[in-house]
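Given next are the chains, with one letter for each unit.
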Amino acid sequence: MTTRLATLGLLCLAATVRSQEKGVLKVQDGVEIGYELQLTGKDEKRDRYHITVTAIHKGGSDIYYAVAKKPQPNGSSGLGRSDDRHFVEVMVNNPASFKDLFTANAKLAGEQTSEETTRNEILFRIPKGMVIRREFDFVMKPGKRPEMSCNFGTALRSREALLGVPGSGNGGGIDGMWMSGCGNVRMQLTQRRNDRGQTELVQGVNGRTNVWLQLSDGIYERPGRPWARLTYDRLSGRFTYSHTDGVLCQWTRN
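Residues numbered from 1 in each chain as written. Predicted model: local features only at pLDDT ≥ 70, side-chain atom pairs only at ≥ 80, totals over all residues. Heavy atoms only, no water.

1. Side note on the state of the cysteines
Cysteine pairs can be covalently joined through their sulfur atoms, and such a bond is termed a disulfide.
Phase 1 of the analysis: On inspection of all chains with the given rule, the structure shows 1 disulfide.
Phase 2 of the analysis: Covalently, Cys182 is tied to Cys249 through a disulfide, its sulfur atoms 1.7 Å apart. An S-S torsion of about -100 degrees defines the bridge between Cys182 and Cys249 as left-handed. In this pair, Cys182 sits in the loop between β13 (176-180) and β14 (185-193) while Cys249 sits in strand β20 (residues 248-253), placing the two residues 67 residues apart along the sequence. (Disulfide = S-S within 2.5 Å. Helix = DSSP H or I, 4+ residues; strand = E, 2+ residues; numbered from the N terminus.)

Shown next, in the form of C-alpha coordinates:
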(Lines give C-alpha, C1' and ligand atoms only; values in the text may rest on other atoms or scores of the structure.)
Protein backbone atom coordinates (compact mmCIF):
# COMPACT_ATOMS: atom_id res chain seq x y z
CA MET A 1 0.00 0.00 0.00
CA THR A 2 2.82 2.37 0.93
CA THR A 3 4.65 1.62 -2.33
CA ARG A 4 1.50 2.32 -4.32
CA LEU A 5 0.98 5.70 -2.63
CA ALA A 6 4.59 6.61 -3.27
CA THR A 7 4.18 5.73 -6.95
CA LEU A 8 1.03 7.84 -7.23
CA GLY A 9 2.88 10.75 -5.62
CA LEU A 10 5.68 10.53 -8.16
CA LEU A 11 3.17 10.44 -11.00
CA CYS A 12 1.44 13.58 -9.69
CA LEU A 13 4.80 15.36 -9.39
CA ALA A 14 5.71 14.39 -12.95
CA ALA A 15 2.39 15.74 -14.22
CA THR A 16 3.04 19.02 -12.41
CA VAL A 17 6.56 19.33 -13.80
CA ARG A 18 5.35 18.76 -17.36
CA SER A 19 2.56 21.34 -17.04
CA GLN A 20 2.75 24.29 -19.40
CA GLU A 21 0.94 27.54 -20.11
CA LYS A 22 0.49 29.50 -23.31
CA GLY A 23 -0.66 33.08 -23.80
CA VAL A 24 -0.37 36.40 -25.62
CA LEU A 25 1.44 39.25 -23.90
CA LYS A 26 0.84 42.06 -26.36
CA VAL A 27 -0.18 42.94 -29.93
CA GLN A 28 1.23 46.08 -31.54
CA ASP A 29 1.54 47.26 -35.14
CA GLY A 30 0.37 43.86 -36.39
CA VAL A 31 2.95 41.87 -34.39
CA GLU A 32 1.71 39.43 -31.73
CA ILE A 33 4.02 38.61 -28.83
CA GLY A 34 3.21 35.23 -27.32
CA TYR A 35 4.81 32.84 -24.88
CA GLU A 36 4.88 29.20 -23.84
CA LEU A 37 5.87 28.65 -20.21
CA GLN A 38 6.85 25.21 -18.95
CA LEU A 39 7.62 24.05 -15.41
CA THR A 40 10.58 21.72 -15.94
CA GLY A 41 11.49 20.80 -12.37
CA LYS A 42 11.00 21.64 -8.71
CA ASP A 43 12.38 20.93 -5.25
CA GLU A 44 12.07 22.42 -1.78
CA LYS A 45 14.08 25.54 -2.68
CA ARG A 46 13.01 26.50 -6.18
CA ASP A 47 10.85 25.87 -9.23
CA ARG A 48 12.64 25.67 -12.58
CA TYR A 49 11.03 27.08 -15.73
CA HIS A 50 11.69 27.15 -19.46
CA ILE A 51 10.01 29.84 -21.58
CA THR A 52 9.70 30.24 -25.34
CA VAL A 53 8.85 33.74 -26.56
CA THR A 54 7.58 34.32 -30.11
CA ALA A 55 6.86 37.37 -32.23
CA ILE A 56 4.52 36.68 -35.16
CA HIS A 57 3.98 39.33 -37.81
CA LYS A 58 0.32 38.97 -38.76
CA GLY A 59 0.03 42.17 -40.80
CA GLY A 60 -0.51 42.38 -44.53
CA SER A 61 2.93 43.70 -45.55
CA ASP A 62 6.52 43.94 -44.38
CA ILE A 63 7.20 46.39 -41.57
CA TYR A 64 10.38 48.10 -40.45
CA TYR A 65 12.06 49.86 -37.56
CA ALA A 66 15.24 51.90 -37.21
CA VAL A 67 18.17 51.52 -34.81
CA ALA A 68 20.54 54.43 -34.25
CA LYS A 69 24.19 53.87 -35.08
CA LYS A 70 26.69 54.03 -32.23
CA PRO A 71 30.36 55.06 -32.08
CA GLN A 72 32.61 52.01 -32.49
CA PRO A 73 36.11 51.39 -31.04
CA ASN A 74 37.71 51.88 -34.48
CA GLY A 75 36.23 55.37 -34.74
CA SER A 76 33.48 54.43 -37.18
CA SER A 77 29.72 54.62 -36.62
CA GLY A 78 27.56 51.51 -36.74
CA LEU A 79 26.38 48.57 -34.65
CA GLY A 80 28.84 46.36 -32.80
CA ARG A 81 28.36 42.77 -31.71
CA SER A 82 26.99 43.77 -28.28
CA ASP A 83 24.81 46.69 -29.43
CA ASP A 84 21.07 46.19 -29.19
CA ARG A 85 19.13 45.50 -32.37
CA HIS A 86 15.77 44.44 -30.93
CA PHE A 87 12.34 46.03 -31.26
CA VAL A 88 10.70 44.28 -28.30
CA GLU A 89 11.87 42.79 -25.00
CA VAL A 90 10.05 40.25 -22.81
CA MET A 91 11.18 40.01 -19.19
CA VAL A 92 10.42 37.92 -16.12
CA ASN A 93 10.18 40.55 -13.38
CA ASN A 94 10.32 38.39 -10.24
CA PRO A 95 12.80 35.49 -10.62
CA ALA A 96 14.26 33.93 -7.48
CA SER A 97 17.87 34.03 -8.65
CA PHE A 98 19.84 37.29 -8.55
CA LYS A 99 21.58 36.19 -11.74
CA ASP A 100 18.22 35.69 -13.46
CA LEU A 101 17.35 39.35 -12.83
CA PHE A 102 19.79 40.13 -15.68
CA THR A 103 19.33 37.06 -17.88
CA ALA A 104 15.60 36.21 -17.61
CA ASN A 105 14.69 38.14 -20.74
CA ALA A 106 14.34 37.72 -24.48
CA LYS A 107 15.17 40.48 -26.98
CA LEU A 108 13.55 39.95 -30.38
CA ALA A 109 15.05 41.54 -33.49
CA GLY A 110 14.16 41.65 -37.17
CA GLU A 111 16.47 41.31 -40.17
CA GLN A 112 19.14 43.98 -40.54
CA THR A 113 19.13 45.63 -43.98
CA SER A 114 21.75 47.67 -45.82
CA GLU A 115 19.48 50.74 -45.88
CA GLU A 116 19.90 53.76 -43.62
CA THR A 117 17.68 56.70 -42.73
CA THR A 118 18.72 60.34 -42.94
CA ARG A 119 18.98 60.30 -39.14
CA ASN A 120 22.03 58.00 -39.13
CA GLU A 121 19.96 54.90 -38.35
CA ILE A 122 20.06 51.38 -39.75
CA LEU A 123 16.81 49.95 -41.06
CA PHE A 124 15.57 46.55 -39.81
CA ARG A 125 12.88 44.52 -41.58
CA ILE A 126 10.18 42.17 -40.27
CA PRO A 127 8.75 40.31 -43.28
CA LYS A 128 5.06 39.50 -43.50
CA GLY A 129 4.39 36.19 -41.75
CA MET A 130 7.79 36.07 -40.06
CA VAL A 131 8.07 34.19 -36.75
CA ILE A 132 10.87 35.22 -34.38
CA ARG A 133 11.56 32.86 -31.47
CA ARG A 134 13.77 33.08 -28.36
CA GLU A 135 14.09 30.76 -25.33
CA PHE A 136 15.59 30.97 -21.85
CA ASP A 137 15.50 29.27 -18.44
CA PHE A 138 15.00 30.78 -14.99
CA VAL A 139 14.09 29.79 -11.43
CA MET A 140 11.29 30.91 -9.08
CA LYS A 141 10.61 30.52 -5.39
CA PRO A 142 8.42 27.44 -4.75
CA GLY A 143 4.82 28.11 -5.76
CA LYS A 144 5.57 31.66 -6.91
CA ARG A 145 3.97 32.64 -10.24
CA PRO A 146 6.22 34.29 -12.85
CA GLU A 147 5.29 37.87 -13.64
CA MET A 148 6.16 38.92 -17.19
CA SER A 149 6.33 42.24 -19.00
CA CYS A 150 6.52 43.05 -22.71
CA ASN A 151 7.98 46.36 -23.91
CA PHE A 152 8.18 47.61 -27.49
CA GLY A 153 11.17 49.93 -27.70
CA THR A 154 10.20 51.44 -31.03
CA ALA A 155 7.26 51.85 -33.38
CA LEU A 156 7.00 49.52 -36.36
CA ARG A 157 6.28 51.32 -39.63
CA SER A 158 6.43 51.00 -43.39
CA ARG A 159 9.76 51.37 -45.15
CA GLU A 160 8.53 54.54 -46.84
CA ALA A 161 7.55 56.12 -43.52
CA LEU A 162 11.07 55.70 -42.14
CA LEU A 163 13.00 56.58 -45.28
CA GLY A 164 10.66 59.31 -46.54
CA VAL A 165 10.64 58.08 -50.14
CA PRO A 166 9.98 61.09 -52.45
CA GLY A 167 6.58 61.11 -54.11
CA SER A 168 5.16 58.45 -51.81
CA GLY A 169 2.90 60.92 -50.06
CA ASN A 170 4.45 59.83 -46.79
CA GLY A 171 6.22 62.20 -44.46
CA GLY A 172 9.15 60.01 -43.52
CA GLY A 173 7.91 59.60 -39.95
CA ILE A 174 6.24 63.05 -39.80
CA ASP A 175 2.71 61.90 -40.65
CA GLY A 176 0.51 61.51 -37.56
CA MET A 177 -0.77 63.34 -34.49
CA TRP A 178 1.33 66.09 -32.91
CA MET A 179 1.04 68.34 -29.85
CA SER A 180 1.94 72.02 -29.67
CA GLY A 181 3.69 73.17 -26.49
CA CYS A 182 1.71 76.40 -26.70
CA GLY A 183 -1.69 75.59 -25.22
CA ASN A 184 -1.33 71.80 -25.65
CA VAL A 185 -3.13 71.94 -29.00
CA ARG A 186 -3.38 68.61 -30.87
CA MET A 187 -3.00 68.57 -34.63
CA GLN A 188 -2.71 66.18 -37.57
CA LEU A 189 0.33 66.55 -39.83
CA THR A 190 0.68 65.00 -43.28
CA GLN A 191 3.53 65.57 -45.71
CA ARG A 192 2.82 65.34 -49.45
CA ARG A 193 3.88 66.46 -52.94
CA ASN A 194 1.78 69.07 -54.75
CA ASP A 195 1.11 69.22 -58.51
CA ARG A 196 4.34 71.19 -59.05
CA GLY A 197 6.43 68.55 -57.28
CA GLN A 198 6.95 70.71 -54.20
CA THR A 199 6.81 69.23 -50.70
CA GLU A 200 3.95 70.49 -48.53
CA LEU A 201 3.08 69.96 -44.89
CA VAL A 202 -0.69 69.83 -44.30
CA GLN A 203 -1.73 70.82 -40.78
CA GLY A 204 -5.20 69.96 -39.52
CA VAL A 205 -6.07 71.75 -36.29
CA ASN A 206 -9.40 72.70 -34.67
CA GLY A 207 -11.33 71.99 -37.87
CA ARG A 208 -9.02 74.16 -40.01
CA THR A 209 -6.45 73.13 -42.60
CA ASN A 210 -3.18 75.01 -43.03
CA VAL A 211 -0.69 74.22 -45.77
CA TRP A 212 3.01 74.87 -45.21
CA LEU A 213 5.41 74.90 -48.17
CA GLN A 214 8.89 73.41 -47.75
CA LEU A 215 11.50 76.04 -48.66
CA SER A 216 14.50 73.80 -47.95
CA ASP A 217 15.20 70.61 -46.01
CA GLY A 218 13.24 70.89 -42.74
CA ILE A 219 12.18 74.55 -43.28
CA TYR A 220 8.51 75.41 -43.95
CA GLU A 221 6.50 78.63 -44.46
CA ARG A 222 2.85 79.31 -45.24
CA PRO A 223 2.58 81.01 -48.66
CA GLY A 224 1.95 84.72 -48.23
CA ARG A 225 2.74 84.61 -44.49
CA PRO A 226 6.53 84.93 -44.17
CA TRP A 227 6.28 86.08 -40.56
CA ALA A 228 5.79 82.48 -39.32
CA ARG A 229 8.11 79.54 -39.90
CA LEU A 230 8.40 75.86 -39.04
CA THR A 231 11.73 74.13 -38.57
CA TYR A 232 11.99 70.34 -38.30
CA ASP A 233 14.93 68.82 -36.43
CA ARG A 234 15.44 65.21 -37.57
CA LEU A 235 17.67 64.32 -34.62
CA SER A 236 15.15 65.30 -31.94
CA GLY A 237 12.10 64.56 -34.11
CA ARG A 238 10.54 67.92 -33.18
CA PHE A 239 9.16 70.95 -34.99
CA THR A 240 9.88 74.48 -33.79
CA TYR A 241 7.25 77.11 -34.62
CA SER A 242 8.64 80.66 -34.63
CA HIS A 243 6.92 83.98 -35.26
CA THR A 244 8.31 87.48 -35.78
CA ASP A 245 6.37 88.67 -32.70
CA GLY A 246 8.57 86.44 -30.54
CA VAL A 247 6.32 83.40 -30.13
CA LEU A 248 8.29 80.13 -29.99
CA CYS A 249 6.62 76.72 -29.67
CA GLN A 250 7.80 73.12 -29.78
CA TRP A 251 5.68 70.55 -31.60
CA THR A 252 6.18 66.99 -30.42
CA ARG A 253 4.63 63.73 -31.60
CA ASN A 254 1.48 62.91 -29.63
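2. Quick look at the pattern of salt bridges
Phase 1 of the analysis: According to the stated counting rule, one finds 11 salt bridges in the structure shown.
Phase 2 of the analysis: For the salt bridge of Lys58 with Glu32, the shortest nitrogen-to-oxygen distance reads 3.0 Å. With Lys58 in the loop between β3 (47-57) and β4 (63-68) and Glu32 in strand β2 (residues 31-42), this pair connects stretches of sequence that are 26 residues apart.
Phase 3 of the analysis: Lys58 sits in the exposed class, given a relative accessible area of 52%.
Phase 4 of the analysis: A relative accessible area of 19% means that Glu32 is categorised as buried.
Phase 5 of the analysis: With a shortest N-O distance of 3.0 Å, Arg125 and Glu111 are connected by a salt bridge. (Salt bridge = Lys/Arg side-chain N within 4 Å of Asp/Glu carboxyl O. Buried < 20%, exposed > 50% of the residue type's maximum accessible area, 1.4 Å probe, protein only.)

3. Some points on the sheet that holds β14
Phase 1 of the analysis: With antiparallel pairing, 8 strands are arranged side by side around a closed barrel as β13-β14-β15-β16-β17-β18-β19-β20. The average angle at which neighbouring strand axes cross in this sheet is 30 degrees, direction not considered.
Phase 2 of the analysis: Looking at chain direction, strand β15 (residues 199-205) and strand β16 (residues 208-216) are connected through 6 bridges and run antiparallel. The residue of β16 that forms the bridge with Leu201 is Trp212. (Pairing = 2+ DSSP bridges. Axes fitted to C-alpha atoms, helices over the stretch in contact; angles between N-to-C directions.)

4. Section: the sheet that holds β4
In a beta sheet, neighbouring strands are held together by backbone hydrogen bonds and run either parallel or antiparallel to one another.
Phase 1 of the analysis: The strand order β4-β10-β9 describes an open sheet built from 3 strands, whose pairing is antiparallel. Only two strands of the sheet have a single partner each, and these edge strands are β4 and β9 (111-116). The average undirected angle you get between the axes of adjacent strands in this sheet is 35 degrees.
Phase 2 of the analysis: Sheet analysis places β4 next to strand β10 (residues 121-126), joined by 6 bridges and oriented antiparallel. Opposite Val67, over in β10, you have Ile122 as the bridge partner.

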